[in-house]
Structures are given as C-alpha cells and as structure tokens.
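Architecture and fold: a report
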Amino acid sequence: SAPDLPHTLPCIAHCCAAVMAWLQPVAQLGAGRPLGFHFDPEGHLVVADSLKGLLKYSYYDSQSKDITLLTTHVSPSSPIDPGSQITYANDLAIASDGTIYFTSSTDIVPQLNQQGYYDTYRAWLLSMMQGQPLGRLLRYDPNTKETHVLAKGFYYAN
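The structure presented is a predicted model; accordingly, all values stated were derived computationally and were not measured.

Rules of the game
Residues numbered from 1 in each chain as written. Predicted model: local features only at pLDDT ≥ 70, side-chain atom pairs only at ≥ 80, totals over all residues. Heavy atoms only, no water. Helix = DSSP H or I, 4+ residues; strand = E, 2+ residues; numbered from the N terminus. Buried < 20%, exposed > 50% of the residue type's maximum accessible area, 1.4 Å probe, protein only. Contact = heavy atoms within 4.5 Å. Areas by Shrake-Rupley, 256 points an atom, 1.4 Å probe, with all protein chains shown as cover. Pairing = 2+ DSSP bridges. Axes fitted to C-alpha atoms, helices over the stretch in contact; angles between N-to-C directions. Phe/Tyr/Trp six-rings, centres within 6.5 Å; stacked < 30°, edge-to-face > 60°. Core = buried A, V, L, I, M, F, W, Y, C linked by side-chain atoms within 4.5 Å.

Looking only at helices and strands, the protein chain features two helices and ten strands. Scored against the burial criterion, the 158 residues of the protein chain give a buried share of 31%. A fraction of 45% describes how many contacts in the protein chain between residues 6 or more apart in sequence connect residues 24 or more apart. Total accessible area on the protein chain stands at roughly 9700 Å², and carbon and sulfur atoms take up 58% of it.

Shown next as structure tokens:
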C-alpha cells in the first residue's frame, strides 16, 4: 500500500534537516584539494592534499579542533630526492604504528582555474601528455617527523 504522505513528509523533512546539520563543515583548510584521507590510530583525520602536502585534522569537540601541516617536503636525510617538494599528494594508507604511506602523483602542481577552484584534472592531463613516470611513494614517520621517498618512477601514482 502507498505511504500516508501527510504523516510521512514531516518525518522525511526532520531526517533531512538532521543529516544536513551533521554534514556541516567542521574546519576550513583554505586553498587546496584534499584527495585522500584516513584516520590514524589516535583517531585524527590525516589528509593528502594536492596543494599543501600531508595534513592532520584533530577534532576534540565543536570548540576544540586543530589542523597540523605534517609535511610539504621530503626530508634532507632521505636517500631519494632529499629536500624536494611534495607537489601532488594524492592518496594515503596508515599503518597500525601510525606511519603514513602516501603517494605524490606528478611534479605538476594543480592550478587555480577560471571557475575559482584548483584543477587536478588539468595537472593529470598534462602529466599524461608528458608520458613521464614522475610519481613517488613516500613515508612520513610521526615519531621522527621525517618524510622519505621509498620509490619513484611511477606513472601517475595514486
């Protein structure tokens, strides 16, 4: 049988309002393009941002939150590409010990487009047209705060 719409619609409207309130942004990260994210063992959200690098978002309650920039460059002690910039952080995985493994897809930085947002598609397209294996796999150690390149030479590492 058909639902009783006069009684069902207020319930649907109430549920939609609750969901919309729950979906409100909890932080402004500023200019950037978050692409990958996972929770670390302590419950903080770690974000791979194609413009900024690696970020950690800590939310304690509505009045207490913090955004930490973890890394933008490879550490000078890295045996591969020491001191180089992380130009296109793309995705990440977090080990049980908190070590963060993430990719940098290319050396082409996403640019602000005419619509006012950072265009990762253009950077991807230019990377594909170059045909160069510029992707890297990196590791961030939260204990030492060092970032090392583990491998490079990938075609658009994701």
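Having seen the model, we can carry on.
Another aspect to go through is the pairing of strand 5 (residues 89-94). Every other side chain in a regular strand lies on the same face of the sheet, so the side chains alternate between the two faces. When strand 5 meets strand 6 (residues 100-104), the two strands line up antiparallel, connected through four bridges. When the bridges of strand 6 are listed, Ile94 appears paired with Ile100. With antiparallel pairing between neighbouring strands as the criterion, strand 5 and strand 6 make up a hairpin whose turn holds five residues, including Gly98 at a positive phi of roughly 95 degrees.

Within the open sheet, the four strands sit side by side as 5-6-9-10. Their pairing is antiparallel. On the outer flanks of this sheet lie strand 5 and strand 10 (146-154), each paired with one strand and no other. In this sheet, neighbouring strand axes are inclined to one another by 20 degrees on average, regardless of whether the strands run parallel or antiparallel.

Under the counting rule described, the total for this entry stands at one aromatic pair. Centre to centre, the rings of Tyr88 and Tyr156 are 5.8 Å apart; their planes meet at 75 degrees, and the pair counts as edge-to-face. Residue Tyr88 is found in the loop between strand 4 (64-71) and strand 5, and its partner Tyr156 is found in the segment after strand 10; the two are separated by 68 residues along the sequence. Like Tyr88, the residue Tyr156 is buried in the burial classification.

To continue, consider the nonpolar core. Counting residues in hydrophobic clusters, the biggest one holds 13 residues, and the most contacted among them are Leu54, Leu92, Ile100 and Phe102. Secondary-structure elements contributing two or more residues to this core are strand 2 (45-49), strand 5, strand 6 and strand 9 (135-141). Aside from chain neighbours lying at most four places away, what touches Phe102 is Leu54, Thr71, Ile86, Ala89, Asp91, Leu92, Arg136, Leu137, Leu138, Arg139, Tyr140 and Thr147.

The topology assignment puts Leu125 in helix 2 (residues 120-130). Judged by its relative accessible area of 33%, Leu125 is partly exposed. Sequence separation of Leu125 and Ile108 is 17 residues, and the distance between their C-alpha atoms is 9.9 Å.

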